Every structure is written in structure tokens, then in C-alpha cells.
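# Structural characterization, general
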Amino acid sequence: VGPGRTGVLIRFGQAQEVTFSPGAHLKAPWPVDRVIRVDMPLVRRVEIGFRTREIPRAVTRVAEEFYATLWESRHAAGTYEKLPEEALRLTGDENIVDMNMVLFYRVTDARKYLFTVADPESYIRSVTEYTLGVSAGSRAIDDVLTVDRATFEIVLREGVQSALDAADVGVE
């Protein structure tokens with residue numbers, strides 16, 4: 001197991017309680033044992049309201065001149081793809097706010113991360129979207145965007161973490 005990774009032992013297709021720390025370990029050959037390695041210190045990210053594109057979209061010369069005057073020129077230039085179905089939220093005072101967010105997380109328990117839920121990243125995204133909607137829906141738009149934004153971010157972070165802890169996903 002390489003540096004910074006944790007190995008989870010799979011014996012006859014079933015996850016074992018034992019995990020391997022970095023270093024050399026003995027195991028039975030493939031049909032009996034296999035090891036899934038998880039990069040523990042890696043900080044992963046989940047994007048809410050947009051996705052970063054691997055390959056930027058081509059922009060015409062006329063569009064390039066137009067987008068250069070906008071604050072969102074990186075979005076228009078093809079680096080980001082907006083997802084309004086994730087980004088738009090209703091606040092407590094019935095205003096619609098466009099919320100884009102990046103959630104950073106890391107794995108704290110490799111076995112739980114791999115085997116508690118089928119797709120941990122999708123689960124984390126769903127929990128974050130739900131918590132974002134509930135948190136924004138209970139506050140006025142000014143509290144969400146300006147006046148009480150720091151408290152809103154703390155409540156959001158604690159809400160997401162408590163939901164993930166309740167599901168025992170093994171991330172923070």
C-alpha cells in the first residue's frame with residue numbers, strides 16, 4: 001500500500017474488518033483476496049450548481065468580445081457548465097437565489113467510504129443539496145447573501161457533516 005493510502009481487504013468478495021496501513025503486507029492471491037486502495041489525505045470536491053469542464057467549449061470571436069465585459073466570462077468561455085436545477089434555491093422570504101458551491105471533503109474511514117453507500121460522491125452531493133435548500137429556505141435572502149452569510153455557512157457545514165455522520169459514510 002502506497003504512502004498516504006489505506007488498503008481495504010476483500011476476501012472472497014466480502015470486505016474484512018482489517019485495513020492495511022502504508023507499507024508491505026501479505027495477502028492470498030487474487031481469487032481469494034484483493035485489496036482496494038483509498039487515497040486518504042486526498043481532498044476531494046463536489047460542485048453544486050455547476051460543473052468544471054475538462055475541455056473548454058470553443059467561443060467565437062464576437063462572443064469572446066461580448067463575454068469579456070461580463071463578470072461571468074469564465075462561464076461563457078467554456079470552463080464551467082451551469083446547472084440551474086442544482087443552483088436555484090428559494091429563500092425564506094420567497095426570493096430565488098442562484099447558489100454555486102464547492103464542497104471539499106476527505107475520507108476518514110476507507111471501509112465505510114467504500115461500502116456504506118453505493119456511490120459516496122452522489123450521496124454527498126444529495127445531502128449537500130438538501131441541506132443547502134433547507135438552510136436557504138429558512139432564511140431571508142439578505143441573510144444568505146450578505147448580512148449573516150458567515151453563520152449560514154457554519155450552519156450549512158454542520159448540517160452536512162451531521163447528516164453524513166448519521167449515515168456513517170466515513171468522510172469529513
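From a predicted model like this one, the values you see are computed outputs, not experimental measurements.

Helix length check: helix α7 (residues 149-167) (19 residues) gives 27 Å between terminal C-alpha atoms against 27 Å at 1.5 Å per residue, within 8%. By the burial criterion, the buried members of α7 are Phe 152, Leu 156, Val 160 and Leu 164. Looking straight down α7, one finds its buried side chains confined to an arc of 95°; they lie on one side. The outward face of α7, more than 90 degrees from its buried face, is lined by the exposed residues Ala 150 and Ala 166. Asp 168, located one to two residues past α7, shows a positive phi value of around 60°.

Further remarks concern unusual backbone geometry. Look at Phe 12: it is not a glycine, yet its phi comes out positive at around 50°. Along the chain, the position of Phe 12 falls in the loop between β1 (5-11) and β2 (14-20). Non-glycine residue Glu 94 carries a positive phi angle of around 65°. Structurally, Glu 94 is set in the loop between β7 (88-90) and β8 (96-98).

Counting buried residues along strand β4 (residues 44-48), 4 of its 5 residues qualify, which places the element largely inside the surrounding structure. Alignment of β4 against strand β9 (residues 101-105), held across 5 bridges, turns out to be antiparallel. Among the inter-strand pairings, Val 46 is bridged to a residue of β9, identified as Leu 103.

Moving on: the environment of Arg 157. Mapped onto the secondary structure, Arg 157 falls in helix α7. Residue classification places Arg 157 among the exposed residues on the basis of a relative accessible area of 56%. Remark: the alpha-carbon pair of Arg 157 and Leu 103, spanning 54 residues in sequence, is separated by 9.0 Å.

Bringing the environment of Gly 159 into the picture now. In this fold, Gly 159 is placed in helix α7. In this structure, the C-alpha to C-alpha distance between Gly 159 and Ser 135, residues 24 residues apart in sequence, is 8.6 Å.

Our focus in this paragraph is the side chain of Glu 86. For Glu 86, the location among the structural elements is in helix α3 (residues 84-87). Residues within four places of Glu 86 in sequence aside, it is in contact with Glu 47, Ile 48, Gly 49, Phe 50, Arg 51, Arg 125 and Glu 129.

Looking now at the packing of helix α5 (residues 120-137) against α7. Contact geometry of α5 with α7 gives a least axis separation of 9 Å together with a crossing angle of 140°. On the basis of the axis angle, α5 is oblique to α7. For the pair α5 and α7, the crossing hand works out as right-handed. Together, Tyr 123, Ile 124, Val 127, Thr 128, Thr 131, Leu 132, Ser 135 and Ala 136 of α5 and Phe 152, Val 155, Leu 156, Gly 159, Val 160, Ala 163, Leu 164 and Ala 167 of α7 make up the contact between the two elements. Its residues assigned to classes, the contact of α5 with α7 shows 12 nonpolar, 4 polar and no charged.

Definitions and limits used
Residues numbered from 1 in each chain as written. Predicted model: local features only at pLDDT ≥ 70, side-chain atom pairs only at ≥ 80, totals over all residues. Heavy atoms only, no water. Helix = DSSP H or I, 4+ residues; strand = E, 2+ residues; numbered from the N terminus. Expected span 1.5 Å × (residues − 1). Buried < 20%, exposed > 50% of the residue type's maximum accessible area, 1.4 Å probe, protein only. Arc of directions from axis to C-beta. Pairing = 2+ DSSP bridges. Contact = heavy atoms within 4.5 Å. Axes fitted to C-alpha atoms, helices over the stretch in contact; angles between N-to-C directions. Parallel < 35°, antiparallel > 145°, perpendicular 65-115°, else oblique. Left-handed = near helix turned anticlockwise from the far one by under 90°. Nonpolar A, V, L, I, M, F, W, Y, C, P; charged D, E, K, R; others polar.

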